[in-house]
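# Working through the structure, step by step
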Amino acid sequence: MAILGPSGCGKSTLLNLLSGFLRPQSGHITIDGVPVVPEHPVLGYVFQSPNLFPWLSVLENVRFGLRMNRRGSTQEQRAAAQHFLRLVGLEEQAHEPPHRLSGGQRQRVALARSLALEPRLLLMDEPFAALDALTRASLNDELLRIWSGWGKTVLFITHDIDEAIYLADRVLVLGLPPTGITAEVAIDLPRPRDQRGTRANPLFAQLREQLSEEIAKVMTSNQPVT
Ligand SMILES: Nc1ncnc2c1ncn2[C@@H]1O[C@H](COP(=O)(O)OP(=O)(O)OP(=O)(O)O)[C@@H](O)[C@H]1O
Ligand SMILES: [Mg+2]
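Within every chain, residues take consecutive numbers counted from 1 along the sequence as written. Following the order in which they are written, the chains are lettered starting with A and the ligands numbered starting with 1. Only residues with pLDDT of 70 or above have their local features reported here, since the model is predicted, and side-chain atom pairs are shown and tallied only from 80 upward, although totals for entire chains, interfaces and linings are computed over all residues. Heavy atoms throughout the structure, all of them, feed into the side-chain values; hydrogens and water do not.

Named according to an unreviewed UniProt entry, the chain is ABC transporter ATP-binding protein originating from Rhizobium indigoferae. Heading Sequence similarities (unreviewed entry) of the UniProt record for the chain holds this comment: "Belongs to the ABC transporter superfamily." UniProt positions are given in the numbering used here, feature names are shortened, and annotations may be inferred rather than shown by experiment.

Here is the structure:
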């Protein structure tokens, strides 16, 4: 599921509410009947910047959450971290410090780190927004590949219409406060998706048009909260 909306419409706020980092002023959010807290065992996050510990190796960064949660022995934690690094194609960089990695590689480490905790719901807040177009496209493909073998829910926040269409089964458009969700669009593009084939599908252009219109409506009909 992708959540699409213009800058300042409250996407990150929504994600912070869903993850329990922020408390809603009214109502409550639960998963399986349990109120959300940041340590909720089913949640994982990837944010816009990877926030790796510079003094830990790539492997130790991925292992960190497992260590904190005391999941398994040291050896099991290392093996799990290796496994998830392999999944994101960074097996060979396991013993490097983060500063030796490119921006895209660091974001892959952040992805491996959240996957290592085996969340059932992965919350991603514009995780690839800071990357160049080519790196972003390849990380989109990598995310789809990992997700298809994993079968868990990913909630992906973006302000990029094409990225939302390429990744998601459903796109929600978020209006400026205090409107909330203004549209829900089903993305019936076939899977597996690939950059050239999927983008060349006439439905892709049609969905882009439809979502652009929805965003334009948001921009013209609402005023931001002052
Ligand atoms: N529903 C809301 N009611 C009142 N204020 C809100 C609401 N949602 C967000 N805000 C406020 O609007 C500001 C921007 O929100 P937020 O950072 O979530 O936007 P965003 O959509 O993630 O923007 P960007 O695309 O730039 O990251 C924040 O100060 C936040 O507190
Ligand atoms: Mg944001």
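### Focus: the UniProt feature "domain: ABC transporter" (unreviewed entry) in the chain
Under the UniProt annotation, the feature "domain: ABC transporter" (unreviewed entry) is placed at residues 1-201. Helix and strand labels come from DSSP, where a helix needs a run of H or I of at least four residues and a strand needs a run of E of at least two; each type is numbered from the N terminus. When the span residues 1-201 is considered, its composition is 38% helix and 16% strand, and the gap between its end C-alpha atoms is 20 Å.

### Section: the domain arrangement of the chain
How big an interface is tends to be stated in terms of accessible area lost as the parts join. The domain boundaries here were taken from an automatic or database domain assignment. Looking at the assigned domains, one finds that the chain contains domain 1 (2-42 + 119-221) and domain 2 (53-117). Its C-alpha centre places domain 1 at a distance of 25 Å from the equivalent point of domain 2. Taken together, the contact pairs 15 residues of domain 1 with 12 residues of domain 2. Buried surface at the junction of domain 1 and domain 2, summed over both partners, amounts to about 1,000 Å²; 66% is from carbon and sulfur atoms. The largest share of the area that domain 1 buries against domain 2 comes from Pro119, Glu142 and Ile146, three residues that together contribute 39% of it. We define a salt bridge as a side-chain nitrogen of Lys or Arg found within 4 Å of a carboxyl oxygen belonging to Asp or Glu. The interface formed by domain 1 and domain 2 includes one salt bridge. Going through the elements one at a time, strand S5 (121-125) and helix H5 (133-148) are the ones with two or more residues in the side of domain 1 that touches domain 2. At seven residues, H5 tops the list of elements feeding residues into the side of domain 1 that touches domain 2. A breakdown of the residues in the side of domain 1 that touches domain 2 according to their chemical character gives 11 nonpolar, two polar and two charged. Should any heavy atoms of two residues lie within 4.5 Å, those residues are considered in contact. By buried area we mean the combined loss of accessible area, with a 1.4 Å probe, across both parts when two parts are placed together. When residues are sorted by character, Ala, Val, Leu, Ile, Met, Phe, Trp, Tyr, Cys and Pro go into the nonpolar class, Asp, Glu, Lys and Arg into the charged class, and all the rest, Gly among them, into the polar class.

### Some points on the site of ligand 1
In the vicinity of ligand 1, the contacting residues are Pro6, Ser7, Gly8, Cys9, Gly10, Lys11, Ser12, Thr13, Glu126 and Pro177. Whenever two N or O atoms come within 3.5 Å, that pair is a polar contact, provided that in protein one can donate a hydrogen and the other can accept it, and provided that, for residues adjacent in sequence, both atoms are side-chain atoms. A distance of 3.3 Å separates an oxygen atom of ligand 1 from a polar atom in the backbone of cysteine 9. Within the backbone of serine 12, one N or O atom sits 2.9 Å away from an oxygen atom of ligand 1. Here, Shrake-Rupley sampling with a 1.4 Å probe gives the accessible areas, and only protein chains in the shown set may cover a residue. Surface burial for ligand 1 is 52%, taken as the share of its 640 Å² of free accessible area covered by protein chains. Here the residues of the shell around ligand 1 are counted per class, giving three nonpolar, five polar and two charged. Near, as used in this document, describes a residue that has one of its heavy atoms within 4 Å of the molecule or strand being considered.

### Some points on the environment of valine 109
Topologically, valine 109 is positioned in helix H4 (residues 103-116). Exposure is judged per residue with a 1.4 Å probe applied to protein chains only, and the accessible area is read against the type maximum: over 50% gives exposed, under 20% gives buried, and values in between give partly exposed. Note on valine 109: relative accessible area 0%, which makes it buried. Every residue in contact with valine 109, bar those within four places of it in the chain, is listed here: Leu52, Val58, Asn61, Val62, Leu90 and Leu101.

### What about the sheet that holds S5?
Pairing between strands is defined by DSSP: at least two bridges between the two strands are required. Strand order in the open sheet formed by six strands is S4-S5-S6-S1-S7-S8, with mixed pairing between adjacent strands. Every other strand in the sheet has two partners, leaving strand S4 (43-46) and strand S8 (181-186) as the edge strands with one partner each. Adjacent strand axes in the sheet meet at a mean angle of 20° when their direction is disregarded. Relative to strand S7 (residues 170-174), strand S1 (residues 2-4) is paired through three bridges, and the arrangement is parallel. Among the inter-strand pairings, alanine 2 is bridged to a residue of S7, identified as valine 171. Axes here refer to lines fitted to C-alpha atoms; in helices the fit is confined to the stretch in contact. Angles between the N-to-C directions go from 0 to 180 degrees.

### Focus: H5
Spanning 16 residues, H5 covers 22 Å between terminal C-alpha atoms, matching the ideal 22 Å at 1.5 Å per step. Those residues of H5 lying buried are Arg136, Ala137, Leu139, Asn140, Glu142, Leu143, Leu144 and Ile146. Buried residues along H5 sit in contact with helix H3 (74-87), H4, S5, strand S6 (153-158), helix H6 (161-167) and helix H7 (195-200). For H5, the N-terminal cap is aspartate 132; the gap from its side-chain oxygen to the backbone nitrogen of leucine 134 is 3.2 Å. Expected span of a helix, by definition, is 1.5 Å for each gap between consecutive residues, and there is one gap fewer than residues.

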